[in-house]
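Residues per chain, in single letters:
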Amino acid sequence: MRLKRKDILSIEELSKDEIELILSTAESFKEVSERDIKKVPTLRGRTIINLFYEASTRTRTSFEIAAKRMSADAINISTSSSSVVKGETLKDTAKNLEAMNPDCIVLRHPSSGAPEILAKYVKCSVINAGDGSHEHPSQALLDMLTVKERFGKIEGLNITIVGDIAHSRVARSNIYGFTKLGAKVTVVGPPTMMPSGIENIGCSVSNRIEDAISNADVIMMLRIQLERHEVPLFPTIREYSRLFGLDSKKLETAKKDVVILHPGPINRGVEISPEIADGPYSLILDQVKNGVAVRMALFYLLLGGSRE
Amino acid sequence: MKKNIMDAKGIERALTRIAHEVIEKNKGIEDVVILGIPTRGVHIARRLKDILKTIEGVDAPVGSIDATLYRDDIGMKQEQPALKETDIPVSIDNKKVIIVDDVLFTGRTIRAAMNAIMDFGRPANIQLAVLIDRGHRELPIRPDYVGKNVPTSMQEEVRVRLRETDGVDDVTVAET
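All of these numbers come straight from a predicted model, not from anything done at the bench. (Residues numbered from 1 in each chain as written. Chains lettered and ligands numbered in written order. Predicted model: local features only at pLDDT ≥ 70, side-chain atom pairs only at ≥ 80, totals over all residues.)

Colleague: Pulling in residues and values, what's your account of the environment of Ala 297 of chain A?
Modeller: All names here are of chain A. Of note, Ala 297 is situated in helix 10 (residues 284-303). Using a count of 30 C-beta atoms within 10 Å as the deciding quantity, one classes Ala 297 as buried. On a C-alpha basis, the gap between Ala 297 and Thr 25 in space is 5.6 Å, while along the polypeptide they are 272 residues apart. (Helix = DSSP H or I, 4+ residues; strand = E, 2+ residues; numbered from the N terminus. Buried ≥ 20, exposed ≤ 12 C-beta atoms within 10 Å, placed from the backbone.)

Quick look at the structure:
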């Protein structure tokens, strides 16, 4: 089986087989990060540009570490220190970067669809590292890897995603990914943060977190994306936390082997209480660890075959 | 045209002889670590370990070394080569590492495997055991233990089948 794509722009466009290929490749890459010498020569001489138009610690570092462990050269551009502040357009930035002959551009951008536009302008591979409230494919892949590792499978599991669904690219990518692999996804959030028609992409909807906890195998908590809210969508943080935040009280009805995921950054005491975030059900740091392996797999599958 | 080169009995005899040669060359198997190249090399490595145990009464550590990430044709073939398992159960520093594979051909896989092993430590030496040596080396690599030398043409394909993966033990040569 081969990945025949130039770009990874969304989970929506990937087939079940492609997702499974990426996950099994990532499983093999985990071993590299556990060695004393955490580096393989596979992609030496390849150049990977991380172009980030939004703040990021985890994702950017993870892509950079993944590139370096594959022996590729990674260059990071954050827009605060680039020509973007002088008014350069995405297209011009892309064309100029392409003139330096990179093999892959990893793009994070506040506008949904920006990676797709970039992919049309450049010949090199493009990986979407999060675009607006559209998709964040590598995050969903690492979430799926974390769940698959814990349960040995994804098919038949109940996945509950709680929070600001409307503004969450993580939620959207995970709904596509988990349903493609045969899980049942329920999204939970206040009506103001629930996009209309979300059930059309294969998930069920609830407005009460209590209803979606007791049969969940996986509970994924999301951060409220205040930076994307144009108008206030809930009265107070405290009220949101009381109704939709996950704490040990709400978790009492959950299954004994439930696991908690969060894509980070977490807001302690808002969507998740500290004792849950640091507790035995939490796989938050496994997610981060798996992120490196998933990104190594994406680089390998995009750059490890010939283009012809 | 398909020629039978080895049957189950032949494979077992060859591995038994290799086991004796390993013991003789290393004066026992105290510091020996056996690493098979996936997939069939790993099965042969496990069989070799079992034979060594019946002769010497010692369990040599056995693992697998996947050389895929060290190949010299990454990005040249259409398909990305599939990754397989690397599992090195013990430190290989100052150990005598025996690489085991089913067929030795160009030697490029062995070069890649040696580079991979070096990333895990500094073995005292690295030796090579293969069930079949079919010739046509493209690198200066020579096996220490050979089950059978099989002169072949470039048009021929050597196929090793093992119980563990194929349900049957035999080696055949066929025109492609």
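Let us keep going from here.
Colleague: Provide a residue-level description of the interface of chain A and chain B, including the pertinent values.
Modeller: Of the residues lining the interface, 17 residues belong to chain A; the matching set on chain B comes to 13 residues. Taken together, the elements giving at least two residues each to the side of chain A that touches chain B come down to helix 1 (16-33) and helix 10 of chain A. When the residues that make up the side of chain A that touches chain B are grouped by side-chain class, the tally is seven nonpolar, six polar and four charged. (Contact = placed C-beta atoms within 7 Å. Nonpolar A, V, L, I, M, F, W, Y, C, P; charged D, E, K, R; others polar.)

Colleague: How would you summarise the sheet that holds strand 6 (residues 184-188) of chain A if you had to cite specific residues and measurements?
Modeller: Residue and element names in this part refer to chain A. Strand order in the open sheet formed by five strands is 7-6-5-8-9, and the pairing between neighbours is parallel. The sheet is open, and its two borders are formed by strand 7 (204-206) and strand 9 (259-261), each paired with just one other strand. This sheet shows a mean twist of 25° between the axes of neighbouring strands, independent of strand direction. Both strand 6 and strand 7 contribute to a ladder of three bridges, which runs parallel. Among the inter-strand pairings, Val 188 is bridged to a residue of strand 7, identified as Ser 206. (Pairing = 2+ DSSP bridges. Axes fitted to C-alpha atoms, helices over the stretch in contact; angles between N-to-C directions.)

Colleague: How would you summarise the sheet that holds strand 7 (residues 156-161) of chain B if you had to cite specific residues and measurements?
Modeller: Residues and elements named next belong to chain B. Across the sheet, which stays open at both edges, the three strands sit in the order 1-8-7 with antiparallel pairing between neighbours. Bordering the open sheet on either side are strand 1 (2-6) and strand 7, each of which pairs with just one other strand. Each strand of the sheet is rotated relative to its neighbour by a mean of 25°, with strand direction disregarded. Pairing analysis gives six bridges linking strand 7 to strand 8 (residues 170-175), with the strands arranged antiparallel. Along strand 8, the bridge assignment pairs Val 160 with Val 171.

Colleague: An account of the packing of helix 3 (residues 90-98) of chain A against helix 4 (residues 114-121) of chain A is needed here, citing residue identities and associated values.
Modeller: All names here are of chain A. The N-to-C vectors of helix 3 and helix 4 enclose an angle of 45°; their axes lie 10 Å apart at closest approach. As summarised for this structure, helix 3 and helix 4 are arranged oblique, according to the angle between their axes. Here helix 3 and helix 4 pass one another in a crossing that is right-handed. Mapping the contact onto sequence places Leu 90, Lys 91, Ala 94 and Lys 95 in helix 3 and Ala 114, Ile 117, Leu 118 and Tyr 121 in helix 4. Looking at the contact of helix 3 with helix 4, its residues break down into six nonpolar, no polar and two charged. (Parallel < 35°, antiparallel > 145°, perpendicular 65-115°, else oblique. Left-handed = near helix turned anticlockwise from the far one by under 90°.)

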